[in-house]
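Here is what each chain is made of, one letter per residue.
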Amino acid sequence: MRILVCDDDKEIVDAIEIYLFQEGYEVIKAYDGEQAVELMKTEDVDLIIIDVMMPKLDGIRATLQIRKESSIPIIIL
């Protein structure tokens, strides 16, 4: 299972990756909403974990854009 983790705080992304990797998940990293939306176009992802408050494109707006193309499960932090 591939999980896209998106947060502008790289330490948080790295911490989440450590826990998910230990459970056998593959992690794809994004650091803002725009990057998450772009990665969804090119990567096969099974779940998204995304922060609400980020620069450029916040988590809510990124979720709305992703929802136009996909019904992928999304966990919003």
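Located above this text is the structure these notes cover.
Right, let's walk through the structure included here. Keep in mind the model is a prediction, meaning the values are calculated, not measured.

**A look at helix H1 (residues 10-22)**
Between the first and last C-alpha of H1 there are 18 Å, a value that for 13 residues agrees with the 18 Å anticipated at 1.5 Å per step. Regarding H1, the residues found buried are Val13, Ile16 and Leu20. Seen from one end, H1 has its buried residues packed into an arc of 70 degrees, which puts them on one side. Along H1, exposed side chains directed more than 90 degrees from the buried face belong to Glu11, Tyr19, Phe21 and Gln22. Where H1 is buried, its residues meet strand S1 (2-6), strand S2 (26-30) and strand S3 (47-50). Of the residues that open H1, the one with a side-chain oxygen 3.0 Å from the backbone nitrogen of Glu11 is Asp9. At the exit of H1 stands Gly24, carrying a positive phi of roughly 95 degrees.

**Comments concerning the environment of Ile48**
As for its position among the elements, Ile48 is in strand S3. Residue class for Ile48 comes out buried when judged on its relative accessible area of 0%. Sequence separation between Ile48 and Arg2 is 46 residues, and the spatial gap between their C-alpha atoms is 8.9 Å. If we skip the residues at most four places from it in the chain, Ile48 touches Leu4, Met40, Ile66, Ile72, Pro73, Ile74 and Ile75.

Here is what the cut-offs are and how they apply
- Residues numbered from 1 in each chain as written.
- Predicted model: local features only at pLDDT ≥ 70, side-chain atom pairs only at ≥ 80, totals over all residues.
- Heavy atoms only, no water.
- Helix = DSSP H or I, 4+ residues; strand = E, 2+ residues; numbered from the N terminus.
- Expected span 1.5 Å × (residues − 1).
- Buried < 20%, exposed > 50% of the residue type's maximum accessible area, 1.4 Å probe, protein only.
- Arc of directions from axis to C-beta.
- Contact = heavy atoms within 4.5 Å.
- Polar contact = N/O pair within 3.5 Å; in protein donor to acceptor, adjacent residues only side chain to side chain.

Keep in mind these values describe shape, not function.
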